[in-house]
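Chain by chain, the residues:
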Amino acid sequence: MTKNLKVGLRGFSEKNAEKIEKIFQATGNRERTYSIAELTDRADLLIVDIDNKALSGSEASIDAAHPETPVVTVGQSDKPEGSDYHIKGLLLATRVIRVLDQVKIPAGNRQAFVNSERPYEANNYVADARAPQHKTYAYAVLVVDDSELMQKTIALELGKASLPLSVDFAESGERALARVAARTYDFIFLDVMMPGMDGYETCGRIRKIAEMKKTPIIMLSARTSPLDEVKGVMAGCTNYITKPIKSDEFQNMLDRIMNWLSNYKKQ
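Below: a short report on this structure. (Residues numbered from 1 in each chain as written. Predicted model: local features only at pLDDT ≥ 70, side-chain atom pairs only at ≥ 80, totals over all residues. Heavy atoms only, no water.)

## A look at the overall build of the protein
Argument step 1. Looking only at helices and strands, the protein has eight helices and 10 strands in total.
Argument step 2. Of all intrachain contacts in the protein linking residues separated by at least 6 positions in sequence, the fraction that spans at least 24 positions is 70%.
Argument step 3. With the model as given, the accessible surface of the protein reaches about 13,400 Å², and the carbon-plus-sulfur share is 50%. (Helix = DSSP H or I, 4+ residues; strand = E, 2+ residues; numbered from the N terminus. Contact = heavy atoms within 4.5 Å. Areas by Shrake-Rupley, 256 points an atom, 1.4 Å probe, with all protein chains shown as cover.)

Encoded structure:
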């Protein structure tokens, strides 16, 4: 059964509150989802922007106002003393959800969200204008690689994403073009060395499709020569990752993609 947690925001600018709202709206088909608490809602947890100078030194007052409500701090600095949960740096989608998923909500506790300022109400966000306009939209991903092992490896890495993904596979460039012709993808992983049409040619052909001109395409290759990376960029790839895949590098790249998508794909 899906549980939606109401989240109170404290000290956020309208821009960052809108970004949080968009991240939450992309969690619609998970067992645990999030939404920003309205003034009349009871908040399950609070997120506090500690970079807001007006809140400096006020952690104690926040704790006093919400003694049983978990507090997640957000800021460019390291986790402040007394904070159990902290999001450091940019508000990347996978980073925010990964931390929130760790928060333990006291059983039966639903403290009232008390704040002198009404939470920012962002407009409804649709991840893609072509996608169904509801909150259960999953980002569409295409993995193109002739190696079944590599397909499984990438699938395992994508499975670590905190936001919903719908993953398709293609074992050749020709099959990838057929997939793209039938469905618009939000981002693509593309092997360079494949039988028949290689990744460079495949990438170039995908870029000729109007709907795919700005789609992130991440090339995967065992070749480490700078010349190969240059060829990938000339073909139209967004990023170039060498094999074998390093999990940390992959997840950081995935964070950047999801953050870009959450900002770019608006109505």
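From this point, the narrative continues.
## A look at helix α7 (residues 226-235)
Argument step 1. Buried within α7 are the following residues: Asp-228, Gly-232 and Ala-235. One side of α7 carries all its buried residues, which in axial view fall inside an arc of 65 degrees. Residues Pro-226, Leu-227, Val-233 and Met-234 are exposed on α7 and point more than 90 degrees away from its buried face.
Argument step 2. On its buried face, α7 is in contact with α6 (199-207), β9 (217-221) and β10 (239-242).
Argument step 3. Following α7 by one or two positions, Gly-236 has its phi on the positive side, about 115 degrees. (Buried < 20%, exposed > 50% of the residue type's maximum accessible area, 1.4 Å probe, protein only. Arc of directions from axis to C-beta.)

## Points about the packing of aromatic side chains
Argument step 1. Taken as a whole, this structure holds three aromatic pairs when the rule is applied.
Argument step 2. Arranged with centres 5.7 Å apart and planes meeting at 35 degrees, the rings of Phe-24 and Tyr-34 form a pair that is tilted. A residue pair is termed long-range when its members are at least 10 positions apart, and Phe-24 in helix α1 (residues 14-25) and Tyr-34 in strand β2 (residues 32-36) qualify at 10 residues.
Argument step 3. When its relative accessible area of 3% is taken as the criterion, Tyr-34 is described as buried.
Argument step 4. Both rings, one in Phe-189 and one in Phe-250, keep their centres 5.2 Å apart while their planes meet at 20 degrees; by these two values the pair is stacked. (Phe/Tyr/Trp six-rings, centres within 6.5 Å; stacked < 30°, edge-to-face > 60°.)

## Remarks on a nonpolar patch on the surface
Argument step 1. A contiguous nonpolar surface patch, about 340 Å² in accessible area, is contributed by Leu-227, Val-230 and Met-234.
Argument step 2. Locating Leu-227 in the fold gives a position in helix α7.
Argument step 3. Looking at Leu-227, the relative accessible area reads 56%, which means it is exposed. (Patch = residues over 30% accessible without salt bridge, like charges linked within 9 Å, V, L, I, M, F, W, Y side chains within 5 Å. Salt bridge = Lys/Arg side-chain N within 4 Å of Asp/Glu carboxyl O.)

## Comments concerning the nonpolar core
Argument step 1. Phe-24, Ile-47, Val-72, Ile-154, Leu-158, Phe-187 and Phe-189 are the most contacted members of the largest nonpolar core, which totals 44 residues.
Argument step 2. If one sorts the elements of this core by residue count, helix α8 (residues 247-264) sits on top with six residues.
Argument step 3. Aside from chain neighbours lying at most four places away, what touches Ile-47 is Val-7, Gly-8, Leu-9, Arg-10, Phe-12, Phe-24, Val-72, Val-74 and Leu-100.
Argument step 4. Counting residues in hydrophobic clusters, the runner-up holds 22 residues, among them Val-144, Val-180, Ala-235 and Cys-237. (Core = buried A, V, L, I, M, F, W, Y, C linked by side-chain atoms within 4.5 Å.)

## As for the sheet that holds strand β4 (residues 71-75)
Argument step 1. Taking strand neighbours across the sheet as the criterion, the five strands line up as β2-β1-β3-β4-β5 in an open arrangement whose pairing is parallel. Bordering the open sheet on either side are β2 and β5 (85-88), each of which pairs with just one other strand. Recorded for the sheet is a direction-independent mean angle of 30 degrees between the axes of neighbouring strands.
Argument step 2. As judged from the four bridges shared by strand β3 (residues 45-49) and β4, these two strands associate in the parallel manner. Residue pairing across strands places Asp-49 opposite Val-74, the latter belonging to β4.
Argument step 3. Seen against the sheet, α1 touches β1 (3-10), β2 and β3 and runs at an angle of roughly 150 degrees to β2.
Argument step 4. Strands β2, β3, β4 and β5 of the sheet are contacted by helix α3 (residues 93-100), whose axis makes an angle of about 175 degrees with β5. (Pairing = 2+ DSSP bridges. Axes fitted to C-alpha atoms, helices over the stretch in contact; angles between N-to-C directions.)

## Concerning unusual backbone geometry
Argument step 1. With an omega dihedral of 0 degrees, the bond running from Lys-243 to Pro-244 counts as a cis peptide bond.
Argument step 2. Topologically, Pro-244 is positioned in the loop between β10 and α8.

## As for the packing of α1 against α3
Argument step 1. Viewed as axis vectors pointing N to C, α1 and α3 meet at an angle of 70 degrees, and their least axial separation amounts to 10 Å. The pairing of α1 with α3 is recorded here as roughly perpendicular in orientation. Contact residues: Ile-20, Ile-23 and Phe-24 in α1; Ala-93, Val-96, Ile-97 and Leu-100 in α3.
Argument step 2. Taken together, the residues of the contact of α1 with α3 sort by class into seven nonpolar, no polar and no charged. (Parallel < 35°, antiparallel > 145°, perpendicular 65-115°, else oblique. Nonpolar A, V, L, I, M, F, W, Y, C, P; charged D, E, K, R; others polar.)

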